[in-house]
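# Tertiary structure, described
Here is how the chains run, residue by residue.
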Amino acid sequence: MAQSSLISASMRRNWFTISSLVSKDFKLKYRRSVLGVLWSVLNPLLMMCVLAAVFTNVLKFGDVENFPMYLILGNVLFALMADSTSGAMTSILESAPLIKKIRVAKMIFPLEKVLFQLVNFAISLIAVIVVMVFFRIAPTVNLLALPLLLIYMLLFCSGLGMLLSALAVFFRDVCHLWGVVITAWTYATPLFYPVTLLPDWMQAAEAYNPMYHYVVYFRDIAMYGQWPGIKENLVCLAMAFITFVIGFLVFKLTEKKFILYV
């Protein structure tokens, strides 16, 4: 009973720390910003307009049905992964002064960065709603699957974030290499082009790209009014769970050495 109370108290303390850090990051992000939170809505809208103009008029991808919607759904979901993992990667290094001074669960730092970006993603959904209204895309009951997708994304980004944050402590080059990986991953995922443009072998390779599955999942429920089947849900869950377990294990096995390298 006493042990259960200690675990409960520790969880409450960690959650309070995480929520406080999310609030701090939120205030820092929009401090001295004229547009403030509105920028999280305008940014995906402006990116969508630019990409839609380029790829419709220059590269002739306009034959994709509701191409602007196709673009913004892929971009906001991919941004959730890219921003959360990039933030989580440097979270331990940036929190070094705090880690050296007080005893704190180190895992809360990468997890907080993922939750912070999840808040930003929720705000960016306003931009998605604007596009849906403008192009008269009626929402369907399939949008009820969105929380399920976010659980997959939360697990996947948390696992990848923990893995990167642990590696970055020992190998600073990871911080530079991850930017290159994100750029390559962006072009390897059909965010602004139809997957049918890819040769057969590349289309087959997409089956091993987690973000391809998550983006298709998002487009199915928000744009095409389709409920992803059991197989697709199992694939998304498996990729998220395996990534989370790997990231968690690497983090737990190395966190005691962080103090020596930060």
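Above this note sits the structure.
To keep things clear, this report deals only with the structure shown in the data block.

Analysis parameters
Residues numbered from 1 in each chain as written. Predicted model: local features only at pLDDT ≥ 70, side-chain atom pairs only at ≥ 80, totals over all residues. Heavy atoms only, no water. Helix = DSSP H or I, 4+ residues; strand = E, 2+ residues; numbered from the N terminus. Expected span 1.5 Å × (residues − 1). Salt bridge = Lys/Arg side-chain N within 4 Å of Asp/Glu carboxyl O. Buried < 20%, exposed > 50% of the residue type's maximum accessible area, 1.4 Å probe, protein only. Axes fitted to C-alpha atoms, helices over the stretch in contact; angles between N-to-C directions. Parallel < 35°, antiparallel > 145°, perpendicular 65-115°, else oblique. Left-handed = near helix turned anticlockwise from the far one by under 90°. Contact = heavy atoms within 4.5 Å. Nonpolar A, V, L, I, M, F, W, Y, C, P; charged D, E, K, R; others polar. Phe/Tyr/Trp six-rings, centres within 6.5 Å; stacked < 30°, edge-to-face > 60°.

In this model, helix H6 (residues 108-134) (27 residues) spans 40 Å end to end at C-alpha, consistent with the 39 Å of a helix rising 1.5 Å per residue. One or two residues past the end of H6 sits Arg136, with phi positive at roughly 55°.

Here we take up the pattern of salt bridges. Applying the stated criterion to the full structure yields two salt bridges. Notably, a salt bridge pairs Lys113 with Glu112, separated by 4.0 Å at the nearest N-O pair. In this structure, Lys113 and Glu112 share a single accessibility class: buried. Put simply, Lys252 and Glu255 hold a salt bridge, and the shortest N to O gap is 2.9 Å. Overall, the relative accessible area of 40% leaves Lys252 in the partly exposed class. On the accessibility criterion, Glu255 (13% relative accessible area) is buried.

Let us look at the packing of helix H3 (residues 67-89) against helix H10 (residues 210-222). Packing of H3 against H10 brings their axes to within 9 Å, and their N-to-C directions diverge by 135°. As judged from the angle between their axes, H3 and H10 are oblique. For the crossing formed where H3 meets H10, the hand is right-handed. In contact with Met69, Tyr70, Leu73, Gly74, Val76, Leu77, Phe78 and Met81 of H3, H10 contributes Met211, Tyr214, Val215, Phe218, Arg219 and Ala222. By residue class, the composition of the contact of H3 with H10 is 12 nonpolar, one polar and one charged.

This part is about the packing of aromatic side chains. The geometry of an aromatic ring pair comes down to the distance between the two centres and the angle between the two planes. Enumeration according to the criterion identifies 14 aromatic pairs in this entry. When the centroid spacing of 6.3 Å and the interplanar angle of 85° are considered together, the rings of Trp178 and Trp185 count as edge-to-face. A relative accessible area of 8% means that Trp178 is categorised as buried. For Trp185, a relative accessible area of 14% corresponds to the buried category.

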